[in-house]
Each structure stands twice: as C-alpha cells, then as structure tokens.
Amino acid sequence: MFCKSLVRSAYAAGRLESKPVVRKMSPLLPYSDETRRQSSSSVLSGNKPKTMDELHGPTFLTSLYWLFVKGYFDKTHEMQVEHKKIYGPLWKSKYGPLVVVNVAEAELIEQVLRQEGKYPIRTDMPHWRGYRVLRQQAYGPLTEMGAEWQRIRSILNPRMLKPKHVSSYSTAINQVVTDFVHRVRWLRESAGGGAVVHDVAGELYKFAFEGICSVLFEIRMGCLNEQIPQETQKFIDSVGEMFRLSPILVLFPQSLWPYLPFWKHFVAVWDHLFKVAQQLIDRKVVEIREKAAKGETVEGEYLTHLLASEKMTVTEILGSITELLLAGVDTTSNTISWALYHLAREPDTQEKLHQEVDSVCPGDKIPTSEDFAKMPWLKATVKETLRLYPVVPGNARVVVEDEIMVGDCIFPKKTLFHLCHYAVSYDGNHFPQPHAFLPQRWLRGDERLKQHPFSSVPFGFGIRACLGKRLAELEMYCILSRLMKHFEVRPDPSGATVKAKTRTLLVPASPMNLQFLDRK
C-alpha cells in the first residue's frame, strides 16, 4: 500500500494528465498523416508485438535509490531524461505491486493520447476526491470522471476555450497588469530605490491569483495592494499549502489518513478554500437576484454566466470554480517568471520582443487580444518557455476501454502511462540545441524546423486538454507585453542562477531576483 502511494506522489498529486507505431523522424521533415500511415503499416507487418512483461526498467529498490540516495526526489523531471538514456523511450518502473509505463518519445506519446478513449482518465486523485466525499462537496473538472466529467466540461468549456469569449476578459486582466506594473515600482522603492525586485516568481504568483479571481469570481481580491488583506493572504496561502501537502499525504495508505496531522491540515486548508469561494459565489447570487428583481440586464463574466445559465447547481459551480482557481495560477506565474529570467540573460532576444510590442502598440496603447495576433515573437517566447519548463513535467493516462498498441508493444486495459513531457521537450532530434532559449524556433517561415506536434504539448491534448489554456495564454501575453513596454529586465546583479525543481509542478528551486529598469 505504501508502494502504491509513493507512486501517486509523483503522478496523482501532479494532475497527471494512439495509432500504433513509431518511426524515427528527421527533424527537418513534416510529420504528416501519410508518415503516420507508413509507420503504422511498418509495425503491423512486422514481428509479433512485445508484451508489457518484456519491457525493461528500474525495480522498486532501484527507483527508491534514484529518488532518495541519488537525490532525484525534487528533480524527477531530470530523472526522466536520465532513465530515457538508460532504458530507451519506453520503459516500465515498479513501485511495489504498481507498474508505471514511462513514455518519452513524441511519436509514442501521440499513440497513447490518440487511443485514450471516450472519457480520458489521468489518475483517481484519492486525496482530493476523499476530501469531497468527507465534506459532501461536488467534484470538479479535475476530480470528476466518466460521463459526468464530460457533462461538466461541456458546460465549462465555451467561456474558457472559445476565443471570442476569452478575448472579452482582456479588460479585466489588463487592469490587473496595470496594478502589477505599479507594484513593481513600489517594490523597487521599498527595497531602497534600486532596480532589483526580489522573488519575482512569488510576486507573479500574486498577479496570477488576482487575475484568475477577477475572471472567475469577477472581483478584485487585493493581492497586489501594498498591504494585502489578511483574508486574501490566507486564501493565497491555502492554495500553496494544498499543493505542498498533496505529495506528502499520498505517501501514506488512505486508511491512515484520519490519524495523520497532514490530513487534518489538508482538510482545514480545503475547508478555507471552499468557504471563501462559497462567500464569493453567494455574493454574486444576491447581486444577480437584485438586478433581476429590478428588471435590469444581468451582465458579467464567467461566474455570472454559470449562475445565469442554470445548467449547474450552485454546489456544482462551487466544486468546479474552486478547482479552476487552483489550476489557473501556476501556469501563468511560473511561465512568465522563467520567460523574464531568460530574457534578462538574452538582451538581444529581449530587444526583439520589445521592438515588436512597441511597433504594434506604440506609445501608451495597451495591447489587447487583437494585437497579439500581430506579435509572433511574443507567442514564440511563451512557447519556448513552456518547452523548457513545462508546468506539469510528467502527465498520465489510464487507458480503460481497450488494450492498445504503443510502439512495438501491446498493453492491457488499465495500464498507467506516465507521459514524460520534460524529456521529450529536450530531445535534440526535435529541438536542436535543446538547452538553449531560442524563441525563433517557433516562428513560421521557409526555414522553420518541423517539430513533431507532440514534442511539446504543455496544455495537453484532446478533450482532457487544459481547460484554462486560452485564458492562461491571454494572461501571459498581456503581462509580458506590458512589462516589455515599461521595463528593461536584467539579471540578478549577484550573478545567482536559478534551477528548476519538481514540487508536483515545475517551479524555481530558489528565489528569482531580477532588475527592472524603466525604459526611456
């Protein structure tokens, strides 16, 4: 039981999110449908497929040795790369009775995802679901499964994924960006009037939290005030605590949870998250009823739409919107932190981005979603950052409907696949100079490298892809373009470098300090 829980700490807590066969592709050739058909027939006409038992990989003891003796517990993303070198692109890891099939090749990841079935499953997330059972709260898009999950997604999707709806959030997000720019200047002054802003990732976390709340709850929480309201700070801390406790809790058998202080704290943290979310929803319900009673038009953004549509109960909305909040913060904050970190170290690349933004939006013009369509360098910068630092370095799928063929192996139903996105993102066959920050590799043109479409999929694929993808992209484009207009970003004057670590998500391992100089 402990062994099974140990694996969940690496996969279940991380929101772990296929026509047979593989053929080695030249990075200069497009990966076409014809290529896939040729690859498929080459395997189908070959030898008898291997079984799962024939796959190589580390034993349970070997995995423990890598995690706790060699020190890869907080850098499991790097362990993906090392194990791929040893075992190849497809290997199995044993954790007691549980077997995980690791997939670290773009073509193989595509095969898994294209065979994931009608209702794709990541993992059962027993700790998150356990809280909801305990408190009789509704499951949301991250915890629900099967047909009910599909129903929830069909209601949540339109206002989150359709560009015409997402673009309407530009005004709210840009107001938050304006406050963040003011906060950067205040932070510099409060630190002695220099140019350094300390813990940039932490500050961007506050920005992302304020931004997602302004869209989901249609309210400003004060995350960017000089003095953050006490209740807001507790709300922010509760999200961080929930993610911190998740990988610890699942190390223990579920039968022991009621006796663990970790579980009690975990429940208390979730209680506070649901309490605040409930208060915000109740306030919006009262506001809508008052307007309806006066015969006024009910207008608003995401929460107003969900409540007014009456397609979900208030309890269901509470469960879904709370999970959307949790999923919507880290993508923006971590990605922009890493983007600024590299732009500070690549002044020529930063200047190209600055010139692009200035040419599209000269003077005091604030960029909107329509402007971003004219900023290929901006989009390429975000894509390259997400390649180097996929927010979720390893995703998962459990194929439950049929046995499937992946590469030259056949796998039974209920096989747990670990999709090693980080390792694939650093594959030199798809990305020459994989460790270099090169946004230009994503620009269109005759010389554009033809990356495999599954070589970098930071938002997932298919119907279980990230629900907040377009909103996250909008937030990232808004803040990065505005920061380029206002500041030249330079590295930490101390010369300190920042590495990544795995803490469910891929995050900076140490404080990220950068200089923000006003542009003249």
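Residues numbered from 1 in each chain as written. Predicted model: local features only at pLDDT ≥ 70, side-chain atom pairs only at ≥ 80, totals over all residues. Heavy atoms only, no water.

Student: Which residues make up the overall build of the chain, and what are the values?
Tutor: A count of helices and strands for the chain gives 21 helices and 12 strands. Looking at the chain residue by residue over its 520 residues, the buried ones come to 56%. In the structure as shown, the chain presents an accessible area of about 22400 Å², 53% of it carried by carbon and sulfur atoms. (Helix = DSSP H or I, 4+ residues; strand = E, 2+ residues; numbered from the N terminus. Buried < 20%, exposed > 50% of the residue type's maximum accessible area, 1.4 Å probe, protein only. Areas by Shrake-Rupley, 256 points an atom, 1.4 Å probe, with all protein chains shown as cover.)

Student: Can you break down the UniProt feature "binding site: heme" (unreviewed entry) in the chain residue by residue, with the values?
Tutor: Within this numbering scheme, the UniProt entry marks Cys466 as carrying the feature "binding site: heme" (unreviewed entry). Checked against the element boundaries, Cys466 lands in the loop between helix H20 (421-425) and helix H21 (469-486). (UniProt positions renumbered as here; feature names shortened; annotations may be inferred.)

Student: Tell me about the sheet that holds strand S3 (residues 98-103), and name the residues and values.
Tutor: Read across the open sheet, the four strands follow the order S2-S3-S8-S5; overall the sheet is mixed. The open sheet is flanked by strand S2 (90-95) and strand S5 (395-399), the only strands paired with a single partner. Direction aside, neighbouring strands of the sheet carry axes that sit 30° apart on average. Bridge count between S2 and S3: six bridges; the pairing is antiparallel. The residue of S3 that forms the bridge with Tyr95 is Leu98. (Pairing = 2+ DSSP bridges. Axes fitted to C-alpha atoms, helices over the stretch in contact; angles between N-to-C directions.)

Student: So what about the pattern of salt bridges? Which residues, and what values?
Tutor: Pairs can form between side chains of opposite charge whenever their charged atoms are close. Using the criterion set out here, one finds 26 salt bridges in the structure. One network of salt bridges, in which partners are shared, links Glu218, Lys284, Glu287 and Lys291. (Salt bridge = Lys/Arg side-chain N within 4 Å of Asp/Glu carboxyl O.)

Student: Residues and numbers for the packing of aromatic side chains, please.
Tutor: Here the distance between the centres and the angle between the planes together describe a pair of aromatic rings. If you walk through the whole model with that rule in mind, you get 21 aromatic pairs. Between Phe68 and Phe73, the ring centres sit 5.3 Å apart and the planes meet at 25°, which makes this aromatic pair stacked. Residue classification places Phe73 among the partly exposed residues on the basis of a relative accessible area of 38%. For the ring pair Phe431 and Trp442, a centre distance of 5.7 Å and an interplane angle of 45° mean the geometry is tilted. Placement of Phe431 in the loop between H20 and H21 and of Trp442 in the loop between H20 and H21 is noted, with a sequence separation of 11 residues between them. Residues Phe431 and Trp442 agree in their burial class; the two are buried. Members of the aromatic cluster, joined through ring pairs, are Trp128, Tyr131, Phe243, Trp257, Trp263, Phe266, Trp270 and Phe274. (Phe/Tyr/Trp six-rings, centres within 6.5 Å; stacked < 30°, edge-to-face > 60°.)

Student: Please give an account of unusual backbone geometry that cites residues and values.
Tutor: Non-glycine residue Lys414 carries a positive phi angle of around 70°. With a phi angle near 55°, Gln433 is a residue other than glycine that sits in the positive phi range. Take Gln433: it is sitting in the loop between H20 and H21.

Student: Could you give me a rundown of H21, with the residues and numbers involved?
Tutor: A rise of 1.5 Å per residue sets the reference length of H21, with its 18 residues, at 26 Å; its end C-alpha atoms lie 26 Å apart and thus fit the reference within 8%. Extensive coverage of H21 is indicated by the burial of 15 of its 18 residues. (Expected span 1.5 Å × (residues − 1).)

Student: Give a description of the layout of surface pockets that names residues and reports values.
Tutor: A water-sized probe, rolled over the atoms, reveals where empty space remains. Estimates place the volume of the largest pocket at around 910 Å³. Taken together, 33 residues make up the lining of the largest pocket; nearest its centre are Lys379, Lys383, Lys469, Glu473 and Tyr477. Elements that contribute at least two residues to the lining of the largest pocket include exactly helix H9 (163-166), helix H18 (369-372), helix H19 (376-388) and H21. By residue number, the principal contributor to the lining of the largest pocket is H19, which donates six residues. (1 Å grid on protein atoms, 1.4 Å probe; cavity = no way out; pocket = protein on both sides within 12 Å on 5 of 7 lines; lining within 4 Å. Points joined across faces, edges and corners; volume = space filled by probe spheres on them.)

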